[in-house]
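# Architecture and fold: a report
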Amino acid sequence: MTNDLMLLLPLIIVGAGAILLMLASVYEKISHEMAAYGSAMIFAVAFLVQLSFCIIGNATLFSGVFNGILVVSNFSKAAGLIILACGFFTAMSSQTYFKQNTFCTPEYYCLAVFAASGMLLMTMAHELISVFIALEIMSLAIYILVGYDRRNIISTEAVLKYLMLGAFAGAFFTMGAAFIYGATASTKFVEIGQYIAKHGFLQTPALIGGSFFILVAFLFKAAAFPFHAWVVDVYDGASVPVTGYMATALKTAVFAVFANFLVIDGSLQAGWIKYLFYISVFTMFVGNIIAIGQQSLKRMLAASGIVHTGYLLIALVAVSSKEFTGSVIAFYLAAYAVGTLGVFTALSYLGGSEEKRNTFDDFKGLAKKRPYSAAAISIFLLSMAGIPPTAGFMGKLYIITSAINAGQVTLAVLGIISSIISMWYYLRLIINMYFYESEDQFNEYVPSAMAPVCTFILVICVFAISLYPVTI
Amino acid sequence: MFEHLLSVIIFLPILAGLLLLVTPASKTIARITGLTISIAALILSIDLYTGFSATGHLEFVEYLPWIPSLGIAYHLGIDGISLFILMAGSVLLPMVYLVFTTKEKGYYANLLLVQGAMAGAVCAADMILFYIFWEIMLLPVFFMLGLYGGPKRLPATLKITLYTIAGSLLMLTAIIYLGVSYHAQFNEWNFAISKMAQLNLTGRVAALAFFGFMIAFAIKIPLFPFHTWLPDAYTEAPTATTFVLSAIMAKIGVYGVIRFVVPVFDEQFARFAILLAYSGVIGMMYCGLAAIAQKDFKRMLAFSSASHMGIIALGVFCMNVQALTGSIYQIVAHATSTGVLFLFAGILEDRTNTRTIEDLGGIASKAPVFAMFFAIAMLASVGLPGTSGFIGEFMIILGAVKFNTTIGVLAGTTLIIGVCYMLWMFQRVFFEKTNSLSENFKDLSLIEGLTFLPVIILIIVMGIYPQPFLSKITPSTALLFAQSAPVVAQTVTTNALLPELTIEQK
């Protein structure tokens with residue numbers, strides 16, 4: 001019992017912290033700046049607790065208390081670490097962002113913490129109903145965060161789109177869960193896996209249909225083809241820190257549960273893999289085509305997020321259900337999160353008031369005026385593009401290695417071709433920043449040192465993560 | 001002198017370059033730092049050269065496991081092939097800081113970065129480590145070209161960057177394919193270059209991996225038909241970048257072929273060698289003819305460099321010890337002669353503000369020392385006996401005739417084209433009448449003269465007494481062929497009978 005609660009401690013800290021923050025803001029006891037520090041503190045404490053569990057390691061898994069619905073593995077711990085770190089950096093960059101933008105209230109931060117608690121639950125959930133609950137805790141908070149700037153018509157449009165489609169995805173998930181329960185008489189991953197191993201995957205239509213619906217829901221949340229269309233508008237409408245949060249932490253949580261569900265049984269995985277192969281290819285190339293044409297940075301980053309989903313799907317295709325460790329997926333998620341979050345953190349203080357700088361052209365000549373920020377953004381972009389010695393390169397190396405090792409040479413080559421194409425839009429921003437004369441002076445005073453400091457820490461992380469060895 | 005010599009040669013310039021970039025150092029401090037560090041690297045390389053005992057195997061090995069589960073390691077080492085490319089870089093780069101004294105901080109910092117990365121690529125004994133340095137090499141070139149290049153620099157920058165990255169990412173796939181094949185065949189993860197020669201690679205995927213490597217290196221060299229980025233990039237780049245690209249980076253492409261393709265893909269290499277050799281010869285001819293037509297002397301030198309890279313590559317494709325040894329010798333000879341020629345072109349451009357051959361004339365009478373140095377470098381570049389260029393070209397042609405008479409004859413006759421464009425250009429720029437632009441041309445200053453003198457002497461020494469250099473190269477090249485001896489012997493016999501037909505039948 002104590003051991004179970006210990007393992008759950010990060011989730012408890014985050015959940016309790018979110019409720020405390022909410023109460024404090026309801027009674028108007030704290031300003032939104034204090035809320036920012038408070039939420040950052042919650043994330044930091046939970047991160048350190050999670051980290052200490054990772055270092056101590058070998059904590060016994062959950063006993064029967066949670067009845068097998070939650071499972072802690074190294075993969076879920078790693079995903080939890082990524083999510084908490086993303087939360088921390090989002091809180092800090094929001095603090096700077098809201099010095100230049102005015103629509104903030106303390107509830108913003110408490111929603112971010114709530115979303116994180118949903119995500120943490122999701123990484124551990126091994127049961128369909130808990131996955132659904134976690135998904136909804138996370139999504140509801142994110143819906144509100146996307147539309148937080150109520151006067152802004154674009155963000156209102158974004159939240160409407162996201163809410164409608166997200167509700168559909170949630171409904172699909174519930175229906176899939178119901179079908180699977182009808183077929184296998186259980187919602188636990190382990191028991192579903194045992195049922196499939198015993199009776200085969202293609203025995204009942206309910207099982208096939210149910211898993212199809214669940215696939216749809218996951219693909220929607222992960223922004224994969226053909227459910228990727230919402231991403232660009234929603235990311236564009238949300239404020240910069242929220243976009244960064246969605247692009248990194250949310251994706252980590254979704255891929256964690258996706259991988260956990262996929263590997264419950266070999267035949268389920270084998271049934272899905274040939275579709276995931278095509279989905280992954282289309283996700284990469286459609287994402288690239290969308291990204292190439294964009295003028296707005298946020299939209300380009302949204303589209304590049306789709307491309308990275310494609311790479312992660314390559315890793316999912318290559319996982320084996322025999323000895324699943326998820327280390328490749330976790331590493332790639334960390335590498336991707338550092339790069340993406342870094343760009344968004346830098347944008348949160350460079351964007352100016354009301355996000356007036358948001359296109360490629362607005363950042364022309366940044367390197368002359370703000371050399372360190374431009375260098376940091378370049379490093380993040382090079383990491384996302386997969387140029388060594390950054391974390392993004394190592395992530396890509398592991399993914400391609402595991403794909404070729406699993407016999408998916410075609411997929412590996414297509415992934416490489418896609419990353420050649422993606423060089424264009426990452427380089428384009430670097431070229432704009434370095435090789436043009438500046439029109440804008442970029443001379444406004446940065447109101448807070450938080451976001452620049454976070455950017456600096458993330459730059460170090462880009463290189464530090466790349467040195468961390470991973471077992472495939 | 002001390003341990004970890006290779007690591008110091010690699011990381012000293014990289015760290016110094018990064019330090020310059022993050023601190024607000026002035027131009028002068030940047031230049032002095034660059035000069036000091038590159039001379040320090042030169043001294044360390046000379047120490048390395050004297051300590052090198054020419055066993056043919058890797059020497060000065062450093063090994064530190066990095067990703068144990070995949071067998072990836074920080075693994076450095078150097079043999080007779082890599083030693084000379086490393087030396088060429090160390091000897092030539094200090095000159096840049098002495099010749100170009102008024103550039104910006106970023107210019108010098110990027111030069112330091114590229115020097116370290118190139119040394120790393122040459123010393124790496126692990127494929128992943130090689131790839132990492134190979135890619136890092138490109139970044140300083142990207143920034144130098146984009147920031148300090150000529151008026152049409154942006155398209156040139158994009159062209160070289162996208163071209164090179166496309167090639168190297170395909171190579172990454174091929175590298176990983178080799179690692180996975182090694183795991184499949186020997187049940188152990190390893191990415192060490194030396195281990196890959198044991199692999200038994202057959203089938204379509206192996207041929208694709210072969211081309212993955214070959215295309216990446218062909219783009220870097222550049223080999224016909226992947227040379228289209230070269231004229232733009234070489235012309236628009238600032239002189240130091242052109243110098244780095246042509247004198248050293250192109251050679252690392254050839255080095256890659258020798259290190260990866262020849263020992264690992266012996267079967268595929270033997271099968272496609274004739275095709276590659278023809279592409280080398282065609283590149284020689286085409287770029288040579290294009291060089292004759294150029295009006296801009298920097299562009300002419302760019303095509304001339306590409307033409308000479310064709311013959312160096314040809315030496316590798318001939319699959320015998322003479323041609324390969326000649327290639328490595330020619331790598332050093334070409335690095336010194338063409339490198340110096342590009343630096344001279346930079347000086348010409350700085351002092352006359354033009355790159356058009358027609359605008360110049362009569363410089364020899366105004367600047368006799370400059371003209372003499374230029375003439376020596378130029379004659380070495382066209383391969384006059386008594387200069388370094390002759391030895392290498394002679395050995396390559398010898399090997400080429402042994403490999404395939406047609407190719408040998410074609411390559412031998414194509415060398416004449418080089419003489420045509422070089423001498424014609426020399427006549428128009430240095431002789432004839434002076435005009436308004438060349439009237440006030442200043443000769444080399446004492447410092448500049450002393451900077452170039454050692455290299456000019458090296459050109460002549462290498463041409464007259466090549467034995468000390470060859471004795472360090474030969475053990476490694478001989479070992480390279482000893483490893484894959486059975487296959488080579490077999491292919492020599494098949495090549496005697498119309499090899500094109502055997503390719504098509506397969």
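What counts, and where the lines are drawn
Residues numbered from 1 in each chain as written. Chains lettered and ligands numbered in written order. Predicted model: local features only at pLDDT ≥ 70, side-chain atom pairs only at ≥ 80, totals over all residues. Helix = DSSP H or I, 4+ residues; strand = E, 2+ residues; numbered from the N terminus. Rg over C-alpha atoms; globule rule 2.2 N^0.38 Å. Buried ≥ 20, exposed ≤ 12 C-beta atoms within 10 Å, placed from the backbone. Contact = placed C-beta atoms within 7 Å. Nonpolar A, V, L, I, M, F, W, Y, C, P; charged D, E, K, R; others polar. Core = buried A, V, L, I, M, F, W, Y, C linked by C-beta atoms within 7 Å. Expected span 1.5 Å × (residues − 1). Bend = angle between axes of the 7 residues up to and from the residue. Pairing = 2+ DSSP bridges. Axes fitted to C-alpha atoms, helices over the stretch in contact; angles between N-to-C directions. Parallel < 35°, antiparallel > 145°, perpendicular 65-115°, else oblique. Left-handed = near helix turned anticlockwise from the far one by under 90°.

### A look at the overall build of chain A
Across its full length, chain A carries 19 helices and 0 strands. A compact globule built from 472 residues should have a C-alpha radius of gyration of about 23 Å, and chain A, at 21 Å, falls within 12% of that. Judged by the C-alpha coordinates and their principal axes, chain A covers about 70 × 55 × 45 Å. The buried share of chain A, taken over its 472 residues, is 60%. Sequence-distant contacts in chain A: of pairs separated by 6 or more residues, those separated by 24 or more amount to 82%.

### Topic: the interface of chain A and chain B
Listed per partner, the contact involves 24 residues of chain A and 28 residues of chain B. Counting only elements with at least two residues in the side of chain A that touches chain B, the list comes to α17 (391-405) and α18 (409-435) of chain A. Top element by residues in the side of chain A that touches chain B is α18 of chain A. It accounts for 12 residues. Residue classes in the side of chain A that touches chain B are distributed as 20 nonpolar, 4 polar and no charged.

### Some words on unusual backbone geometry
Geometrically, the link from Phe 225 of chain A to Pro 226 of chain A is a cis peptide bond, its omega value of 0° lying close to zero. Inspection of the secondary structure puts Pro 226 of chain A in the loop between α9 (205-222) and α10 (229-237). Across the junction of Pro 388 of chain A and Pro 389 of chain A, the peptide omega takes the value 5°, indicating a cis bond. By secondary structure assignment, the location of Pro 389 of chain A is in the loop between α16 (371-385) and α17. Phi is positive for Met 319 of chain B, which is not a glycine, with a value near 55°. Summarising the element assignment, Met 319 of chain B is placed in the loop between α11 (297-317) and α12 (321-352).

### Concerning the nonpolar core
General note: in soluble globular proteins, nonpolar side chains tend to be found buried as a group. Residues and elements named next belong to chain A. Counting residues in each nonpolar core, the largest one holds 386 residues, and the members touching the most others are Ala 116, Met 122, Met 138, Ala 253 and Tyr 332. In terms of residue count, helix α14 (residues 327-350) provides more of this core than any other element does, 18 residues in total. Contact partners of Ala 253, with chain neighbours within four places excluded, come to Ala 79, Ile 83, Met 119, Met 122, Thr 123 and Met 138.

### Details of the environment of Ile 387 of chain A
By the secondary structure assignment, Ile 387 of chain A is in the loop between α16 and α17. For the pair Ile 387 of chain A and Met 423 of chain A, spaced 36 residues apart in the sequence, the C-alpha separation amounts to 9.5 Å. Contacts of Ile 387 of chain A, omitting those with residues within four sequence positions, involve Leu 382 and Phe 393 of chain A together with Glu 135 of chain B.

### Focus on helix α11 (residues 240-262) of chain A
All names here are of chain A. Its 23 residues place the ends of α11 32 Å apart at the C-alpha level, agreeing with the 33 Å of an ideal helix rising 1.5 Å per residue. The largest bend along α11 reaches roughly 30° and is located at Met 246. Judged by how many residues are buried, α11 sits mostly within the fold: 23 of 23 residues are covered.

### Structural notes on α17 of chain A
In an α-helix, one full turn covers 3.6 residues, which means residues spaced three or four apart are oriented alike. All names here are of chain A. The end-to-end C-alpha separation of α17 is 21 Å, in line with the 21 Å expected for 15 residues at 1.5 Å each. Within α17, 15 of the 15 residues are buried, leaving the element largely enclosed by the surrounding structure. The positive-phi residue at the C-terminal boundary of α17 is Gly 407, with phi of around 85°.

### Notes on the pairing of strand β2 (residues 72-78) of chain B
Residue and element names in this part refer to chain B. The element β2 is largely enclosed, with a buried count of 6 among its 7 residues. In terms of strand pairing, strand β1 (residues 59-67) meets β2 through 6 bridges, oriented antiparallel. Paired with Leu 64 across the strands is Tyr 74, a residue of β2. Linking β1 to β2, which pair antiparallel, is a turn of 4 residues; within it Gly 71 sits at a positive phi near 70°.

### Side note on the packing of α18 of chain A against helix α5 (residues 127-148) of chain B
Across the interface, α18 of chain A lies against α5 of chain B with an axial gap of 10 Å and an inter-helix angle of 45°. In terms of orientation, α18 of chain A lies oblique with respect to α5 of chain B. Crossing handedness for the pair α18 of chain A and α5 of chain B: right-handed. Contacts from Ile 431, Tyr 434 and Phe 435 of chain A in α18 of chain A reach Phe 143, Gly 146 and Leu 147 of chain B in α5 of chain B. Of the residues contributing to the contact of α18 of chain A with α5 of chain B, the split by class is 5 nonpolar, 1 polar and no charged.

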